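# Descriptive analysis of the structure
Residues per chain are reported as follows:
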Amino acid sequence: MSPRRPALVLVGHGAADPAARAGAPLEALAARLAARDLFPEIHLAFLRQDPPLRPIAATTHAPSVVVVPVMAGGGALTERVLPERAGLSGRLSVRDGQRVRLTAPVGAHPGFAALLGRRARAEAAAWGQDPAALALLLVAHGATRPQGAGREAAA
């Protein structure tokens, strides 16, 4: 008997202005994952737009859930705001038979820098450019507060 696959909740930052379509990349990611049939359920939630992040028990009744912050790094949003809104007590929360695992933000994954490097080299090649002859500029807003999201980028 194979173990039941967990439901997936992807959490993005989002934007207060619906015209910004800030959730479109996360929607596209969810569609790609759904096409691969890796999870029996995939839910989207945002911290600053609809659909808003709610307690996980109100989002899905699946017995096992993985919550993934699709953000560049850690900080107050992923370490305090997200767990509070999702009704989580830590990286692993168990309540009423439901086990919810909160992962680190995708940008904090040790392989993220290598992924960006591969993507940059592929883009350079697509433009017929030698990656060794180019410079790469990464731009992100981050935060200046000590609990801000800049730790991974500064490491």
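Described below are features of the structure shown in this document. (Residues numbered from 1 in each chain as written. Predicted model: local features only at pLDDT ≥ 70, side-chain atom pairs only at ≥ 80, totals over all residues. Heavy atoms only, no water.)

Attention shifts here to the pattern of salt bridges. As enumerated under the stated definition, the model contains three salt bridges in all. Of the charged contacts, one joins Glu-27 and Arg-21 as a salt bridge, the two residues approaching to 3.7 Å between their closest N and O atoms. (Salt bridge = Lys/Arg side-chain N within 4 Å of Asp/Glu carboxyl O.)

Another point: the sheet that holds strand S4 (residues 92–95). The strand order across the open sheet formed by five strands is S2-S1-S3-S5-S4, and the pairing between neighbours is mixed. Edge positions in the sheet fall to strand S2 (42–46) and S4, since each has one partner strand and no second. On average, each strand axis in the sheet is inclined to that of its neighbour by 20 degrees, with strand direction left out of account. Relative to strand S5 (residues 98–102), S4 is paired through four bridges, and the arrangement is antiparallel. The residue bridging Val-94 from the neighbouring strand is Arg-99, located in S5. Helix H1 (residues 24–35) contacts strand S1 (7–12) and S2 of the sheet and is inclined by roughly 170 degrees relative to S2. (Pairing = 2+ DSSP bridges. Helix = DSSP H or I, 4+ residues; strand = E, 2+ residues; numbered from the N terminus. Axes fitted to C-alpha atoms, helices over the stretch in contact; angles between N-to-C directions. Contact = heavy atoms within 4.5 Å.)

What follows concerns H1. Between its terminal C-alpha atoms H1 stretches 17 Å, which fits the 16 Å expected from twelve residues at 1.5 Å a residue. Three or more residues of H1 are buried, namely Leu-26, Ala-30 and Leu-33. Around the axis of H1, the buried residues are gathered within 65 degrees of arc, so they sit on the same side. In H1, those exposed residues whose orientation departs by more than 90 degrees from the buried face are Pro-25, Arg-32 and Ala-35. Immediately beyond the C-terminal end of H1, within one or two residues, lies Asp-37, with a positive phi of roughly 55 degrees. (Expected span 1.5 Å × (residues − 1). Buried < 20%, exposed > 50% of the residue type's maximum accessible area, 1.4 Å probe, protein only. Arc of directions from axis to C-beta.)

Let's shift gears to helix H4 (residues 112–126). An ideal rise of 1.5 Å per residue puts 21 Å on 15 residues; H4 measures up with 21 Å between its terminal C-alpha atoms. Within two residues after H4, Gly-128 carries a phi angle of roughly 70 degrees, on the positive side.

In this section: the pairing of strand S3 (residues 64–69). The buried fraction of S3 is high, at five of six residues. With five bridges connecting them, S1 and S3 associate as parallel partners. Residue pairing for S3: Val-9 is matched across the bridge by Val-67. One ladder, built from four bridges, connects S3 with S5; its direction is parallel. By the bridge assignment for S5, Val-67 is matched with Leu-102.

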